[in-house]
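Each chain, written out:
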Amino acid sequence: MKGLLMKDLYLVSNFKKQYGLLLLFIGGWSIFTQSFSFLAMYTILLGGMMTFSIMSMDEAVHFNRYALTMPVSVRTLVKEKYALTCLCIAGGSLLALVIEMIAMLTPWNEGAMEWIMLAVLSTFFLTAYTVSLPVVLKYGVEKARYIYMGVMLAMGAAVFGVAYLAKNTPVMMLEGTPSVATIMIIFGIMLLIDVVMVGASYRISLWVVRGKEW
């Protein structure tokens, strides 16, 4: 799996100039609008997008079919894609963390709520990608993009729906500055959701790929 992962990470490095310029542009816009929230969110989104880009490149040259002719098992092939996804989103989240630390030095930072939103967004995007990965491995990236957009819209609608219905309750309002205990509980819940979603999606992908006719 190490060789497959190194191959994919090498391909990721080929995008550094394009993504670097894009982040610089959004960073400038964030300074102009006095809000780093969108920049932090976009770095997490960008991490997941790298996974789709790499898998699209593999699909174009039929790499997975070629890999299975080597001493690479289906389990290793699938596991590597999930490792890549987790690493890319973790990398994006880490960059978002750095951005939020820099934002804390500015007069327009939103305090602890930005840290909570960072954890929620990481889980949000990881869920969307893990739901889409079995479809990518079965039908290809282009068809999976519709699933990804559908999942994102569904989760967004669910969040706004719950927030609207519970807008007058103290549980949803999170008035004031959240305590350290509250932040740790939210982070723990998000981490648990991440583990469950990745585990369930991995098992589905393994079943799908094993039954696929290459």
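Residues numbered from 1 in each chain as written. Predicted model: local features only at pLDDT ≥ 70, side-chain atom pairs only at ≥ 80, totals over all residues. Heavy atoms only, no water.

Draft legend 1. Spotlight on the overall build of the protein. The helix and strand inventory of the protein stands at nine helices and zero strands. Ordering the α and β elements of the protein from the N terminus gives α-α-α-α-α-α-α-α-α. By the burial criterion, 43% of the 214 residues in the protein qualify as buried. Of the contacts formed within the protein by residues at least 6 apart in sequence, a portion of 78% connects residues at least 24 apart. (Helix = DSSP H or I, 4+ residues; strand = E, 2+ residues; numbered from the N terminus. Buried < 20%, exposed > 50% of the residue type's maximum accessible area, 1.4 Å probe, protein only. Contact = heavy atoms within 4.5 Å.)

Draft legend 2. Region of interest: the packing of helix H1 (residues 2–13) against helix H5 (residues 74–103). The geometry of H1 relative to H5 is characterised by a closest axis approach of 9 Å and an angle of 40 degrees between their N-to-C directions. Between H1 and H5, the angle falls in the class oblique. Along this stretch, H1 crosses H5, giving a crossing that reads as right-handed. Along the contact surface, H1 presents Leu 4, Leu 5, Lys 7, Asp 8, Leu 9 and Val 12, while H5 presents Thr 76, Leu 77, Glu 80, Lys 81, Leu 84, Leu 87 and Cys 88. Of the residues assigned to the contact of H1 with H5, the class counts are eight nonpolar, one polar and four charged. (Axes fitted to C-alpha atoms, helices over the stretch in contact; angles between N-to-C directions. Parallel < 35°, antiparallel > 145°, perpendicular 65-115°, else oblique. Left-handed = near helix turned anticlockwise from the far one by under 90°. Nonpolar A, V, L, I, M, F, W, Y, C, P; charged D, E, K, R; others polar.)

Draft legend 3. Layout of the packing of aromatic side chains. Inspection of the entire model under this criterion finds six aromatic pairs. Taken together, a centroid distance of 5.8 Å and an interplanar angle of 65 degrees make the contact between Phe 52 and Tyr 148 edge-to-face. One end of the pair, Phe 52, is in helix H3 (residues 37–60); the other, Tyr 148, is in helix H7 (residues 141–165), with 96 residues separating them in the sequence. Taken as a pair, Phe 52 and Tyr 148 share a single burial class, namely buried. An aromatic cluster of three or more residues is present, and its members are Phe 52, Tyr 129 and Tyr 148. (Phe/Tyr/Trp six-rings, centres within 6.5 Å; stacked < 30°, edge-to-face > 60°.)

Draft legend 4. Region of the structure containing a positive patch on the surface. Among the surface-exposed residues, Arg 75, Lys 79, Arg 203 and Arg 210 lie close enough to one another that they form a single positively charged patch. Put simply, the parts of the chain that give the positive patch at least two residues each are H5 and helix H9 (180–210). Residue position: Arg 75 is located in helix H5. Given the relative accessible area of 38%, Arg 75 is considered partly exposed. (Patch = residues over 30% accessible without salt bridge, like charges linked within 9 Å, V, L, I, M, F, W, Y side chains within 5 Å. Areas by Shrake-Rupley, 256 points an atom, 1.4 Å probe, with all protein chains shown as cover. Salt bridge = Lys/Arg side-chain N within 4 Å of Asp/Glu carboxyl O. Lys, Arg positive; Asp, Glu negative; His and termini not counted. Charge placed at Lys NZ, Arg CZ, Asp CG, Glu CD.)

Draft legend 5. Spotlight on the side chain of Lys 81. With respect to the secondary-structure elements, Lys 81 resides in helix H5. Judged by relative accessible area, Lys 81 falls into the buried class, the value being 2%. Discounting chain neighbours no more than four positions away, the residues touching Lys 81 are Lys 7, Asp 8, Met 55, Asp 58 and Asn 64.

Draft legend 6. Representation of the pattern of salt bridges. Counting across every chain of the model gives six salt bridges. In this structure, the salt-bridge partner of Asp 8 is Lys 81, at a minimum N-O distance of 3.0 Å. Taken together, the positions of Asp 8 in helix H1 and Lys 81 in helix H5 put the pair 73 residues apart, joining distant regions of the chain. Note on Asp 8: relative accessible area 0%, which makes it buried. Across the pair Arg 145 and Glu 142 runs a salt bridge whose closest N-O atoms are separated by 3.5 Å. Pair noted here: Arg 145 and Glu 142 are both in helix H7, with a separation of three residues, about one helical turn. Through salt bridges that share partners, Lys 7, Asp 8, Asp 58, Glu 80 and Lys 81 make up one connected network.

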